[in-house]
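Here are the chains, one letter per residue:
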Number of protein chains: 2
Amino acid sequence: MVLDERKRRVLQALTDDYIETAEPVGSRNLVRKHNLGVSPATVRNEMADLEEAGYLHQPHTSAGRIPSDKGYRYYVDELMTRWEPGPGEHGALVRRARAVRVITEEVIHEAARLLAQATNYASLVAAPRVEASYFRHIELVPLDETHVLAVIVSDPGFVQHRVVEVRRGVTPEACTRMAEELNRLLFGVRFGDIARDALGAIKESVRSADLYDAVAELLTDGIAHQSSERVYLEGTLNILSQPEFRDIERAKSLLAMLEARDVLYQVLSLGARSSSATVIIGQENPVPELRDCSVVVSAYTLNGEVIGAIGVLGPTRMEYSKAVGMVEYVADHLSDTLLGLVRGG
Amino acid sequence: MVLDERKRRVLQALTDDYIETAEPVGSRNLVRKHNLGVSPATVRNEMADLEEAGYLHQPHTSAGRIPSDKGYRYYVDELMTRWEPGPGEHGALVRRARAVRVITEEVIHEAARLLAQATNYASLVAAPRVEASYFRHIELVPLDETHVLAVIVSDPGFVQHRVVEVRRGVTPEACTRMAEELNRLLFGVRFGDIARDALGAIKESVRSADLYDAVAELLTDGIAHQSSERVYLEGTLNILSQPEFRDIERAKSLLAMLEARDVLYQVLSLGARSSSATVIIGQENPVPELRDCSVVVSAYTLNGEVIGAIGVLGPTRMEYSKAVGMVEYVADHLSDTLLGLVRGG
DNA sequence: CCTTAGCACTCTACGCACCCGAGTGCTAAA
DNA sequence: TTTAGCACTCGGGTGCGTAGAGTGCTAAGG
């Protein structure tokens, strides 16, 4: 669908206006506020055409127009002026992110908070994929006869602990021994490359076959398949400030949706291809409950490899320009920061 | 204030009714539903007396009555029939809690979820005070030249990790050495009893004085003073189901309040005296923002010593009977479960 | 003296009519 | 092709009247 220049201007002005005011936009106001240089009647004709073509719609006959999902799509792809952090903002953001962090989890939290505050939408971050990070260290602490605590430090400094269950009793010595061997063998290895049979090399030196099996299982399978739990969420309450969620039922169902980490992870995955932002507008969202929201997601990387995704979620009437700008900006920063945390790799 | 038997019955019936319906209760309905055996007119007289004495109030002249905070207080202290888990519920609760857990954090989470679901209010849990738990194990993992990851396992199986900063470079050997020494020295010691000078005994054998200082500081001070962060929260969205929070602004401000962990911790502390439930009704709450809510809190214990608190937060029109019952029930269970996790003690 | 039936009164919630204003589409003239 | 003019539509706010629930008061009854 080709739109002539004037239609483009009308669509852009109208979308900008609606994003700002959340009120249907009428021809008179549009002409006045965005001095389009033509009369309201002309704009009305254009608007009628745009509506017929599916870019706009009217909530009711005697109201102004609102962009449809298709309208937003066109706006995002072709019309919006890209937001860039002004020098002041840039400084503030950098300063804020500068606090030294050693733990990836904190870095991610901070990124999520930053994004939520800057955009006033809810922010989501999928933690780095374990497969794409590097083994740094493991500790095995026996808890009782049948449970061992495994503390795993991976390379952009991520610490996690898991309890593994061992059938037969396990001695502290076996734990120490196995941890030592693993640390020697795996330091700097990419998690995704830890092969089951490579571990076989140390099987002999570990006294307890049970322990060996449980931990090997954890390292090769267990740790990798938990991504959905690891979605960080900030600024969920920002959503309540949006006029589209003044209705408590809608707000409630959306907030409930945000508790379903696996769904969020799925949505974040959609944008985990490219390191420029992906915009998912309303109906485009595969998750039905999010069809009246928009999501802006960008991947973040480690050494050029995509390891996670970060984004914001807000109403379809979203400040796309700022959202896209901020998400990309924060994603870049996050990638940089994580790179700084890598030690082994 | 002494209330005669009939006034007590009226107040009880009215409160029960209002808790159930959330609508002001009139004399006619009250008599009908709770067959009080007297006429509405008589009840009206009683209600007028109760209102004058401050136990009830009317939203407007031609409406029924609503219990005041004072009315709820009297209800809670003197009138309500205590809720006990029926045999069916008891079974379900036990079954649910039975899944074997080794990690205190999971146990607490589960308790919080259970409480939130059972009551349909928001549940809060303050994690066990570190001072009151026992040292089990420490690991020190060097992250880079100046940062060491300390993983501490305390005795009702609580795992936490902290990064300590060390001024000068630190060797892996020093870390291993120090961890070994600490594990030998402190196993089974109550955190609150770890004295700075007792640690001096191992100062010599640790090569790095910096490391020693940083970790000693962490063990004696750092770890203990972080309680406010460790408040677990579940079922916050339940609040949106309560009719008193149908107004989005109120809901928003309350939900925002729930993000302030330190405030919640403070509120939980109020109930951390006795192991029977403490009820804080409306205006009694020291936190102004929670003055139109009620909180039911109970302490939970380890070996008889209070180590934390668990509770629910809901509207003043709360099902106090059930809330008190459930909170005490879950607190007891939590205490029992934690005791089962103790190994060193 | 306490209880209760009766009654007048009060107040809210709700439905309805009404109007105002913003906005539209259409037509005809520039 | 643009625009001025005009009739039309519709949502939202306002005012009014009514129904219903509830009260307080008074006077009669046990």
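As the structure is a computational prediction, the values presented were derived from the model and not from experiment.

Quick word on the overall build of chain A
(1) Moving on: Scanning chain A for helices and strands turns up 13 helices and 10 strands.
(2) Moving on: Taking the principal axes of its C-alpha atoms as reference, chain A extends roughly 85 × 40 × 35 Å.
(3) Moving on: Placing the 38 positive and 49 negative side-chain charges of chain A at their respective mean positions leaves the two points 4 Å apart.

Concerning the protein's contact with DNA strand D
(1) Moving on: Residues in close proximity to DNA strand D total 21 residues, the closest being R6(A), T42(A), S62(A), S27(B) and R65(B).
(2) Moving on: When the atoms of DNA strand D within 4 Å of the protein are sorted by group, sugar and phosphate make up 79%.
(3) Moving on: Note that a phosphate oxygen of DNA strand D is positioned 3.0 Å from one of the side-chain N or O atoms of R6(A).
(4) Moving on: Taking R44(A), its side chain carries an N or O atom lying 3.5 Å from a base oxygen of DNA strand D.
(5) Moving on: Of all the elements in the fold, those that place two or more residues in the surface near DNA strand D are α3 (40-52) of chain A together with α2 (27-33) and α3 (40-52) of chain B.
(6) Moving on: Its residues placed into classes, the surface near DNA strand D shows four nonpolar, 13 polar and four charged.

Focus on the protein's contact with DNA strand C
(1) Moving on: Taken together, 21 residues surround DNA strand C, and among them S27(A), R65(A), R6(B), T42(B) and S62(B) come closest.
(2) Moving on: Within 4 Å of the protein, the contacting atoms of DNA strand C are drawn from sugar and phosphate to the extent of 76%.
(3) Moving on: One nitrogen or oxygen atom from the side chain of R44(B) is found 3.4 Å from a base oxygen belonging to DNA strand C.
(4) Moving on: When residues of the surface near DNA strand C are traced back to their parent elements, those giving at least two are α2 (27-33) and α3 of chain A together with α3 of chain B.
(5) Moving on: Of all the elements, α3(B) adds the most residues to the surface near DNA strand C, at four residues.
(6) Moving on: Its residues assigned to classes, the surface near DNA strand C comprises four nonpolar, 13 polar and four charged.

Let's talk about the sheet that holds strand β6 (residues 158-165) of chain A
In a beta sheet, neighbouring strands pair by backbone hydrogen bonds and run either parallel or antiparallel.
Residue and element names in this part refer to chain A.
(1) Moving on: Across the sheet, which stays open at both edges, the three strands sit in the order β4-β5-β6 with antiparallel pairing between neighbours. Strands at the two margins of the open sheet, each flanked by one partner only, are β4 (135-144) and β6. Direction aside, neighbouring strands of the sheet carry axes that sit 20° apart on average.
(2) Moving on: Sheet topology places strand β5 (residues 147-154) next to β6; eight bridges connect them, and they run antiparallel. When the sheet's bridge partners are listed, A150 is paired in β6 with R162.
(3) Moving on: Here helix α9 (residues 209-222) sits on the sheet and contacts β4, β5 and β6; the angle it forms with β6, its principal contact strand, is near 135°.

Some details on the pairing of strand β3 (residues 122-126) of chain A
Residue and element names in this part refer to chain A.
(1) Moving on: Across the five residues that make up β3, a large majority, five, are buried.
(2) Moving on: Of the two faces of β3, the one lined by A122, L124 and A126 and the one lined by S123 and V125 are each fully buried.
(3) Moving on: In this structure, β3 lies alongside strand β10 (residues 305-315), joined through five bridges in antiparallel fashion. Residue pairing in the sheet places A122 in a bridge with L313 of β10.

Description of the interface of chain A and chain B
(1) Moving on: Tallying the contact residues gives 28 residues for chain A and 28 residues for chain B.
(2) Moving on: Counting the surface lost from both chain A and chain B, the interface buries some 2700 Å², and carbon and sulfur atoms represent 73% of this.
(3) Moving on: Contact with chain B buries area across many residues of chain A, yet L143(A), L237(A) and I248(A) alone supply 22% of it, more than any other trio.
(4) Moving on: Remark: the boundary between chain A and chain B carries zero salt bridges.
(5) Moving on: Seen at the junction of chain A and chain B, the total is four residue pairs in polar contact (both at pLDDT 80 or more).
(6) Moving on: If one sorts the elements of the side of chain A that touches chain B by residue count, β4(A) sits on top with six residues.

Section: the relation of the copies chain A and chain B
Mapping between the two copies of the chain is achieved by a rotation about an axis and a shift along the axis.
(1) Moving on: Relative to chain B, chain A is turned by 180° and slid 0.0 Å along the rotation axis, the superposed coordinates differing by an RMSD of 0.1 Å. The transformation just described matches what one would write down for a two-fold rotation axis. By C-alpha distance to the rotation axis, the residue of chain A lying nearest is I248(A), at 3.2 Å.

Quick notes on the environment of G71(B)
Residue and element names in this part refer to chain B.
(1) Moving on: Relative to the helices and strands, G71 resides in helix α4 (residues 69-79).
(2) Moving on: On the accessibility criterion, G71 (0% relative accessible area) is buried.
(3) Moving on: Along the chain, G71 and T176 lie 105 residues apart, while their C-alpha atoms are 62 Å from each other.
(4) Moving on: If we skip the residues at most four places from it in the chain, G71 touches L11, G54 and Y55.

A look at the environment of T21(B)
Residue and element names in this part refer to chain B.
(1) Moving on: Structurally, T21 can be placed in helix α1 (residues 5-21).
(2) Moving on: Residue T21 is classed as partly exposed on the basis of its relative accessible area of 29%.
(3) Moving on: As a C-alpha pair, T21 and P243 span 222 residues in sequence and 9.9 Å in three-dimensional space.

Overview of the sheet that holds strand β4 (residues 135-144) of chain B
Residue and element names in this part refer to chain B.
(1) Moving on: The three strands lie next to each other as β4-β5-β6, forming an open sheet whose pairing is antiparallel. Because the sheet does not close on itself, it has two edges, and the strands there are β4 and β6 (158-165). On average, each strand axis in the sheet is inclined to that of its neighbour by 20°, with strand direction left out of account.
(2) Moving on: In this structure, β4 lies alongside strand β5 (residues 147-154), joined through eight bridges in antiparallel fashion. Across the sheet, residue H137 finds its bridge partner in β5, namely V153.

Brief notes about the pattern of salt bridges
Residue and element names in this part refer to chain A.
(1) Moving on: Per the counting criterion, the structure on display carries 47 salt bridges over all chains.
(2) Moving on: One salt bridge connects R8 with E5, and the closest N-O pair in it is separated by 3.6 Å. Residue R8 and its partner E5 are both found in helix α1 (residues 5-21); the two are separated by three residues, about one turn of the helix.
(3) Moving on: With relative accessibility at 22%, the residue R8 sits in the partly exposed group.
(4) Moving on: Accessibility expressed as a relative area gives 54% for E5, which makes it exposed.
(5) Moving on: Close ionic contact of D193 with R190 constitutes a salt bridge, the shortest N to O distance being 3.5 Å.
(6) Moving on: Taking the relative accessible area as the measure of exposure, R190 reaches 19% and is therefore buried.
(7) Moving on: Among the ionic contacts, a cluster of salt bridges with common partners joins D4, R6, K7, E46 and D49.

Parameters at a glance
- Residues numbered from 1 in each chain as written.
- Chains lettered and ligands numbered in written order.
- Predicted model: local features only at pLDDT ≥ 70, side-chain atom pairs only at ≥ 80, totals over all residues.
- Heavy atoms only, no water.
- Helix = DSSP H or I, 4+ residues; strand = E, 2+ residues; numbered from the N terminus.
- Lys, Arg positive; Asp, Glu negative; His and termini not counted.
- Charge placed at Lys NZ, Arg CZ, Asp CG, Glu CD.
- Near = heavy atom within 4 Å.
- Polar contact = N/O pair within 3.5 Å; in protein donor to acceptor, adjacent residues only side chain to side chain.
- Nonpolar A, V, L, I, M, F, W, Y, C, P; charged D, E, K, R; others polar.
- Pairing = 2+ DSSP bridges.
- Axes fitted to C-alpha atoms, helices over the stretch in contact; angles between N-to-C directions.
- Contact = heavy atoms within 4.5 Å.
- Buried < 20%, exposed > 50% of the residue type's maximum accessible area, 1.4 Å probe, protein only.
- Buried area = accessible area lost by both parts, 1.4 Å probe.
- Salt bridge = Lys/Arg side-chain N within 4 Å of Asp/Glu carboxyl O.
- Least-squares fit on C-alpha atoms with pLDDT ≥ 70 in both.

Nothing here speaks to function; it is geometry throughout.
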